[in-house]
Amino acid sequence: MSGAAVGQVGVAEIGVTGLAVMGRNLARNFARHGYTVALHNRSFAKTQSLVADHGDEGTFVASETMADFVASLARPRKVVVMVKAGGPTDAVIDELVPLLDEGDIVIDAGNAHFPDTRRREEALRAHGLHFVGSGVSGGEEGALNGPSIMPGGSRESYAVLGPILEDISAKVDGVPCCTYVGSDGAGHFVKMVHNGIEYADMQLIAEAYDLLKQGLGASAGEIAEIFAEWNTGDLESFLIEITADVLAHVDAATGLAFVAVVLDQAAQKGTGRGAVQNALDLGGSGTSRTARRSSRTCGWRCTRRRSSPTRRVSTRSRRRRRSSGGTSIAVRWRGSGAAAASSAPGS
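This one's a predicted model, so the numbers in the text were calculated from it and none came from an experiment.

A few points about the state of the cysteines
Across all of its chains, the model carries zero disulfides by this definition. Cys177 takes part in no disulfide bond, and the closest cysteine sulfur, belonging to Cys178, lies 8.9 Å away. The partly exposed category is assigned to Cys177, whose relative accessible area is 24%.

With respect to the environment of Phe30
As for its position among the elements, Phe30 is in helix α1 (residues 21-32). Taking the C-alpha atoms as reference points, Phe30 and Leu144, 114 residues apart in sequence, are found 8.7 Å from one another. Contacts of Phe30, omitting those with residues within four sequence positions, involve Ile14, Val16, Tyr35, Val37, Val80, Ile164, Leu165 and Ile168.

Remarks on the nonpolar core
Within the largest apolar cluster, 30 residues are counted, with the highest numbers of intra-cluster contacts made by Phe30, Val37 and Leu39. Breaking this core down by element, the ones donating at least two residues are β2 (14-17), α1, β3 (37-40), α2 (44-54), β4 (59-62), β6 (105-108), β7 (130-137) and α7 (155-168). Examining the composition of this core, we find that five residues originate from one element, α7, more than from any other. What Val37 contacts, discounting residues up to four positions off in sequence, is Ala12, Ile14, Val16, Ala27, Phe30, Ala31, Thr59, Phe60 and Val61.

A few points about the side chain of Thr36
Tracing the chain through its elements places Thr36 in the loop between α1 and β3. In contact with Thr36, other than residues within four places in its own chain, are Val11, Ala12, Glu13, Ile14, Thr59 and Val61.

Section: the side chain of Arg24
For Arg24, the location among the structural elements is in helix α1. The class of Arg24 is buried, set by a relative accessible area of 16%. Within the local environment of Arg24, its side chain forms a polar contact with the side chain of Asp53, the two groups lying 2.9 Å apart. Other than its neighbours up to four places away in sequence, Arg24 contacts Gly18, Leu19, Lys46, Ser49, Leu50, Asp53 and His54.

Remarks on the pairing of β6
The alternating pattern of β6 places Ile105 and Ile107 on one face and Val106 and Asp108 on the opposite face, and all of these are buried. Here strand β5 (residues 78-81) runs beside β6; their pairing, made up of four bridges, is parallel. If you follow Val79 over to β6, its bridge partner there is Val106. Crossover β5 to β6 through helix α4 (residues 87-96) is right-handed. The pairing of β6 with β7 spans four bridges and is classified as parallel. Residue Ile105 lies in a different strand from β7, and its bridge partner there is His130.

Brief notes about the packing of aromatic side chains
In total, this model carries three aromatic pairs according to the counting rule given. Centre to centre, the rings of Phe114 and Phe189 are 5.0 Å apart; their planes meet at 85°, and the pair counts as edge-to-face. Here Phe114, found in helix α5 (residues 114-125), pairs with Phe189, found in helix α8 (residues 186-216); they are 75 residues apart in sequence, far enough to count as distant. For Phe114, a relative accessible area of 13% puts it in the buried group. Measuring from centroid to centroid gives 5.8 Å for Tyr158 and Tyr180, while their planes differ by 50°, and the two rings are tilted. Residue Tyr158 is found in helix α7, and its partner Tyr180 is found in the loop between β10 (175-176) and α8; the two are separated by 22 residues along the sequence. We classify Tyr180 as buried; its relative accessible area is 17%.

Topic: the environment of Ser154
Its place among the elements puts Ser154 in the loop between β8 (148-151) and α7. Separated by 27 residues in sequence, Ser154 and Val181 place their C-alpha atoms 10.0 Å apart. With residues near it in sequence (within four places) discarded, Ser154 still touches His130 and Tyr180.

A short note on the pattern of salt bridges
With the rule as written, the count across this model stands at twelve salt bridges. Put simply, Glu57 and Arg32 hold a salt bridge, and the shortest N to O gap is 3.1 Å. With Glu57 in the loop between α2 and β4 and Arg32 in helix α1, this pair connects stretches of sequence that are 25 residues apart. By relative accessible area, Glu57 is classed as partly exposed at 21%. With a relative accessible area of 39%, Arg32 lands in the partly exposed category. Three or more residues are tied together by salt bridges with common partners; here these are Asp90, Asp108, Asp116, Arg119 and Arg120.

Some thoughts on the confidence of the model for the protein
Interpreting fine coordinate detail is not advised for predicted regions of low pLDDT. Per-residue pLDDT for the protein averages 83, and the proportion of residues at 70 or more is 76%. Confidence drops under a pLDDT of 50 for residues 303-347, and excluding neighbours within four residues, the segment shows 87 contacts in the predicted structure.

Topic: unusual backbone geometry
Here Arg75 and Pro76 are connected by a cis peptide whose omega angle stands at -5°. Relative to the elements of secondary structure, Pro76 occurs in the loop between α3 (66-71) and β5.

Some points on α2
Those residues of α2 that sit buried are Phe44, Thr47, Leu50, Val51 and His54. All buried residues of α2 lie within an arc of 130° about the axis, which places them on one face of the element.

Conventions adopted
- Residues numbered from 1 in each chain as written.
- Predicted model: local features only at pLDDT ≥ 70, side-chain atom pairs only at ≥ 80, totals over all residues.
- Heavy atoms only, no water.
- Disulfide = S-S within 2.5 Å.
- Buried < 20%, exposed > 50% of the residue type's maximum accessible area, 1.4 Å probe, protein only.
- Helix = DSSP H or I, 4+ residues; strand = E, 2+ residues; numbered from the N terminus.
- Contact = heavy atoms within 4.5 Å.
- Core = buried A, V, L, I, M, F, W, Y, C linked by side-chain atoms within 4.5 Å.
- Polar contact = N/O pair within 3.5 Å; in protein donor to acceptor, adjacent residues only side chain to side chain.
- Pairing = 2+ DSSP bridges.
- Right-handed = clockwise from strand over helix to strand, strands pointing away.
- Phe/Tyr/Trp six-rings, centres within 6.5 Å; stacked < 30°, edge-to-face > 60°.
- Salt bridge = Lys/Arg side-chain N within 4 Å of Asp/Glu carboxyl O.
- pLDDT = per-residue confidence, 0-100.
- Arc of directions from axis to C-beta.

Quick look at the structure:
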């Protein structure tokens, strides 16, 4: 059976509230694997849009209110919360808890900071509820086609939830990329470390790019070919692949390499910062992670400082201005492209 059911009680095997790109794709992934999926979003239009666009992928139960959403779920209820970390997550949980019953499971699949997950797990446990903080890796494509999933919480909750998560996860040689990683905040701690490792990888990529560019004078296209070759050997990875793709991309408007015109601006969602802070708290070394986090912060702040037209000057223009006696050239500021070349989406 495919399509949408409105107002049905106790039929959905799992629910997703928060239907931005990640939540939307996770819901579709559950449905594609044969699960009846309850849907809820603060704006009902997004719920309707998902059903209209993808209702043929499985069975969805669409609800406009949180109360109807909870009522549509079979017990023990399993609710995936996929909203922005921090205050929005707390707001959704506060709305959910009075509607749930003992033994129900709330899964936070966003990028929460693990101390927040520990706090929430303790608070919901006092209500007889299970709270599972789960890292989800793979971005929007992974959410749809199979992510890596890192659930924490109680073993009791994993006994109920684990088979579903393992079913929708990525597989390597037939083995699910999903396993129970530990109690309370362990899932989000592991995701934080995972993202911190990715930060270190991106720093290595940025430094390799800079050495090839500054040391050898290689063009973006030439460096793209080098990274593409690296991606056929031991260094094969998503980050190396997309770096080669980005460096090979030519800006249609100017005919220049994309990294020559893109702003050196890459913000962060907090997991990289958390990994650096926790390493310092534990007395561990995290020099590459720290360098990557610092370069992101510097790139973002420096770009903001250059927001006035008279200060948004390209690196090429700054050199030209020094050599021409300080003639003012007001053009859009551009950096070396290192930050853009090594900033992975969703990290």
